[in-house]
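Residues per chain, in single letters:
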Amino acid sequence: MSDKLFSTRDEPLASEDLDVCRRVHEALCSELQIDRSGEEAARLGALVIELYRQGVHDGNQLRLLAGGKRT
């Protein structure tokens with residue numbers, strides 16, 4: 001049996017991590033003119049956090065990957 005029961009993706013984010021995600025989320029919502037209280041903003045926030053958990057910790061990279069090209 002493995003000594004590690006949980007992957008690093010299961011570990012809680014520290015306040016510094018959440019600050020990065022929050023700043024990226026707020027910037028993207030502003031740039032993309034998304035209502036921060038809406039469902040689209042919630043999906044975007046989940047995507048930002050998922051990317052962060054996968055190892056994308058640079059704010060600019062997060063914005064590029066999460067913002068994508070919207071049509």
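For the structure, check the block above.
Please read these numbers as outputs of a predicted model, since none were measured by experiment.

Colleague: Run through the pattern of salt bridges, naming residues and quoting values.
Modeller: In total, this model carries five salt bridges according to the counting rule given. Residue Arg22 pairs with Glu26 through a salt bridge whose shortest N-O separation is 3.3 Å. Of this pair, Arg22 and Glu26 both sit in helix H1 (residues 15-31), four residues apart, roughly one helical turn. Take Arg22: its relative accessible area is 39%, and that puts it in the partly exposed class. On the basis of relative accessibility, which here comes to 26%, the residue Glu26 falls in the partly exposed class. For Glu26, the salt bridge goes to Arg36, with nearest N and O atoms at 3.5 Å. Placement of the pair is Glu26 in helix H1 and Arg36 in the loop between H1 and helix H2 (39-53), with a sequence separation of ten residues. Within the structure, one salt-bridge network assembled from shared partners comprises Asp19, Arg22, Glu26 and Arg36.

Colleague: Break down helix H3 (residues 59-67) for me, citing the residues and quoting the values.
Modeller: Looking only at H3, the buried set comprises Leu62, Ala66 and Gly67. Each buried residue of H3 lies within a common arc of 105° when the element is viewed along its axis, so the set occupies one face. Of the exposed residues in H3, those oriented more than 90 degrees away from the buried face are Asn60, Leu64 and Leu65. Its side-chain oxygen 3.2 Å from the backbone nitrogen of Asn60, Asp58 forms the N-cap of H3. One or two positions beyond H3, positive phi appears at Gly68, with a value near 50°.

Parameters at a glance
- Residues numbered from 1 in each chain as written.
- Predicted model: local features only at pLDDT ≥ 70, side-chain atom pairs only at ≥ 80, totals over all residues.
- Heavy atoms only, no water.
- Salt bridge = Lys/Arg side-chain N within 4 Å of Asp/Glu carboxyl O.
- Helix = DSSP H or I, 4+ residues; strand = E, 2+ residues; numbered from the N terminus.
- Buried < 20%, exposed > 50% of the residue type's maximum accessible area, 1.4 Å probe, protein only.
- Arc of directions from axis to C-beta.
- Polar contact = N/O pair within 3.5 Å; in protein donor to acceptor, adjacent residues only side chain to side chain.

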